[in-house]
Amino acid sequence: MIETKATCCYCGVGCGVVIQSDGQQVLGVRGDPDHPANFGRLCSKGSTLHLSAQPGIQKQVRALYPEMRSSRDQARVRSDWDSTLGSMAHRFAETIAKHGPDSVGFYISGQLLTEDYYVFNKLAKGLIGTNNIDSNSRLCMSSAVAGYKQTLGADAPPSCYEDLELAELIFIVGSNTAYAHPILYRRIEAARKNNPALKVIVADPRRTDTAREADLFLQILPGTDVALFNGMLHLCLWEDLIDLDYIAAHTEGFADLKQTVRAYTPAFVAQTCGIREEDLILAARLFGQSKASLSLYCQGLNQSASGTAKNAALINLHLATHQIGKPGAGPFSLTGQPNAMGGREVGGMANLLSGHRDLANPRHRAEVAALWGVADVPEKPGKTAVELFEAVRQGEIKLLWIVCTNPAQSMPEQNLIREALNKAELVIVQEAYRSTATVPYADILLPATTWAEKSGTVTNSERRISRVNAAIAPPGETRHDWAIATAFARKLEKFLDKPWTIFPYDTPEDVWLEHRESTRGRDLDITGLSYQLLDSQGPQQWPFPAGATHGQPRLYEDGIFPTANGRARFVNVDYQPVVDKIDARHPFALTTGRLRDQWHGMSRTGTVAQLFSHVAEPGIEMAAPDMARRFLKNGDLVHVTNKRGSQIFTVSESDEMRPGQTFIAMHWGEEYVSGRGHGSNFSVGVNALTSPALDPSSKQPELKHTAVKILKA
Ligand code: SF4
């Protein structure tokens, strides 16, 4: 048996795995005892990865060879790589010549490896000359990125997993860590066992499994996080729990924020958030008095039309109380996807450039153009995820290339997304799975390799870069994502009369070395790393500049921040309510979230039978009094409706919800309910109802909350 080191391909904890194989077939998987993210532990999803890679399952769900169709009323037929990529290059060259480079767009994924991300970003911005490339990370971490940049000056989570053991207080906000980041939650449980003085506060609209175990649970109303954080800061000011010396020496902008938070009295905040005043006061005291307060947060903060403000308000609280830059303290965003961090590092989004550079900065554009060997990088901002699909729907973007993601299930307001996919002149889907809801829209299907078949690097939530190694040969005619982009780019270069290629890559390492060079002198400098070092010494945290002997577990310990004057910035933020407000016609708040045993749209976890033993089918959860008032019983079918659409779900009673609140898991789409005998219109999933309202800074949509009415079907 061969053992190969890789990482789990699900969440941003980034657990190390050892793949057991015979070189052709995956036989088993175990946690990597040497990986510092998990020390050998795996959750239910990671420990069943091998079951998702069995040949029988692969045959049913994998895309194994290129397919094309000549027109929308034809079925796709098998093609070959050379003619498929040649035809694509011809269409791109023709469309760009006729309508300009912004007539094409790319929608990529936080599940790509860093090397894949890098090549697609260079293809769009460097070769084609469009910034119309965005990622499903826009739906995941873009508010965390904007929050960090506005306050601390760089997109760099300042803490590390070791801080879970060093904290005196862990404040979990908008994260069901026990389900979404299970191995980190196991670490919190172990830390509490070893240190009974460690306190945990959870703030969430639902009494999740994470909330049940908390010392203090604040069951806030959806979207009221900024009021909560400003209220805690108000109390810390009142009770002299802020660090005036730290504020004076290392920050700016506190005076304005101080004025703003005067209005966030305990009475106002308790009423706004729907919590008891004494609980708010206790939370502020525990946070401010603790020697080390660590906040963990995820989509509850990010997936919101005020997501950046929520992130900034929490970081304000950390700065004012000096709960940052020291062991066990800091605002620590938990990354949703396995490599959203790597994507951010290479600038694989519409407003970013390689090495944490900004598209809006002319010097940054010039640096990247020089690195890539192109005349310039276009200045015009690209379309972000929701805007990108709207531009396709409006006919502005004509060719759309979707890579390793499933927008026909995961994007909000599905009606418009599906309309956009139908209107595009050409939809290319590059995927490992032919079973996703997006594949039927593909005019061209490009079969890609996936976990256990590909090599490269990923970065997890704590800025730790791990090597990922292929254990088995690619099945069928599948190719690696970076290699598909490279082969296409070389063909397009010929159509565009480029004298030489700027894609001189034969291996993922060739790509990574160019990426490494792009980080030189930047906050994430990794010029001291190599594939060899990562293989021999294991995963490493950035920054790791040339000459360094180890990475940096914790940032800003010296109180110097990567801003123009070295000071962190307080952002003066006010509470804004959710966009879809409850009214007489839509009296229920609907929140969305993850389950313990499923991942995203279930293209992989949906192939593993035992992962359905936790929750077997899609449903809506309601509070018992709400069900009683509507004469609903467990298992009844209900119409869940708002202005965007109506879906049918099975209803069940839950003590996690307070009256007026409901919850639907985000994993199910039509693919996984069509076999239940309710007809093809039974459900396209909760995103038929969710809101495309955008945060003004991060452009992240408010996927977490909408208002609905619920009627018995
Ligand atoms: Fe995979 Fe996340 Fe589970 Fe670790 S915690 S095994 S990375 S899903």
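Residues numbered from 1 in each chain as written. Predicted model: local features only at pLDDT ≥ 70, side-chain atom pairs only at ≥ 80, totals over all residues.

Identification of the chain as Molybdopterin-dependent oxidoreductase from Undibacterium piscinae is taken from an unreviewed UniProt entry. Under the UniProt heading Sequence similarities (unreviewed entry), the note attached to the chain is "Belongs to the prokaryotic molybdopterin-containing oxidoreductase family. NasA/NapA/NarB subfamily." (UniProt positions renumbered as here; feature names shortened; annotations may be inferred.)

## With respect to the UniProt feature "domain: 4Fe-4S Mo/W bis-MGD-type" (unreviewed entry) in the chain
Under the present numbering, the feature "domain: 4Fe-4S Mo/W bis-MGD-type" (unreviewed entry) in UniProt falls on residues 1-57. Here residues 1-57 is 5% helix and 32% strand, with 21 Å between the C-alpha atoms at its ends. (Helix = DSSP H or I, 4+ residues; strand = E, 2+ residues; numbered from the N terminus.)

## Regarding the packing of helix α3 (residues 114-128) against helix α21 (residues 481-495)
One way to put it is that α3 packs onto α21 with a least axis distance of 8 Å and a crossing angle of 20°. One way to sum up the angle between α3 and α21 is to call them roughly parallel. α3 and α21 meet at a crossing whose hand is left-handed. For the pair formed by α3 and α21, the contact residues are E115, D116, V119, F120, L123 and L127 on the first element and D481, W482, A485, T486, A489, L492 and E493 on the second. (Axes fitted to C-alpha atoms, helices over the stretch in contact; angles between N-to-C directions. Parallel < 35°, antiparallel > 145°, perpendicular 65-115°, else oblique. Left-handed = near helix turned anticlockwise from the far one by under 90°. Contact = placed C-beta atoms within 7 Å.)

## Topic: the domain arrangement of the chain
What the domain assignment lists for the chain is domain 1 (2-60), domain 2 (67-140 + 342-541), domain 3 (142-334) and domain 4 (588-712). A straight line from the C-alpha centre of domain 1 to that of domain 4 covers 29 Å. Contact with domain 1, which involves seven residues of that partner, is made by nine residues of domain 4. Classifying every residue of the side of domain 1 that touches domain 4 by side-chain character gives three nonpolar, three polar and one charged. (Domains from an automatic or database assignment. Nonpolar A, V, L, I, M, F, W, Y, C, P; charged D, E, K, R; others polar.)

## Overview of the site of the ligand
As a structural note, the neighbourhood of the ligand is formed by 14 residues, with C8, C11, C15, C43 and G46 the closest of them. Among the residues forming the shell around the ligand, the class breakdown is nine nonpolar, four polar and one charged. Residue-level mapping places the shell around the ligand at the junction of two domains, with at least three residues from each of domain 1 (2-60) and domain 3 (142-334). (Near = placed C-beta within 6 Å.)

## Digging into the sheet that holds strand β8 (residues 169-173)
Consider a sheet: its strands pair through backbone hydrogen bonds, and that pairing is either parallel or antiparallel. On the basis of which strands lie adjacent, the open sheet formed by five strands has the order β10-β9-β8-β12-β13 and parallel pairing. Looking at which strands have only one partner, the edges of the open sheet turn out to be β10 (216-218) and β13 (330-333). Within this sheet the neighbouring strands show an average axis-to-axis angle of 15°, counted without direction. Summarising the sheet, strand β12 (residues 293-297) and β13 pair through four bridges and their orientation is parallel. (Pairing = 2+ DSSP bridges.)

## Let's talk about the confidence of the model for the chain
On average, the chain scores 96 in pLDDT, and the residues at 70 or more come to 98%. Predicted confidence is poor over residues 671-682, with pLDDT under 50, and the contacts of this stretch with residues over four places away or in other chains come to 15 contacts. (pLDDT = per-residue confidence, 0-100.)

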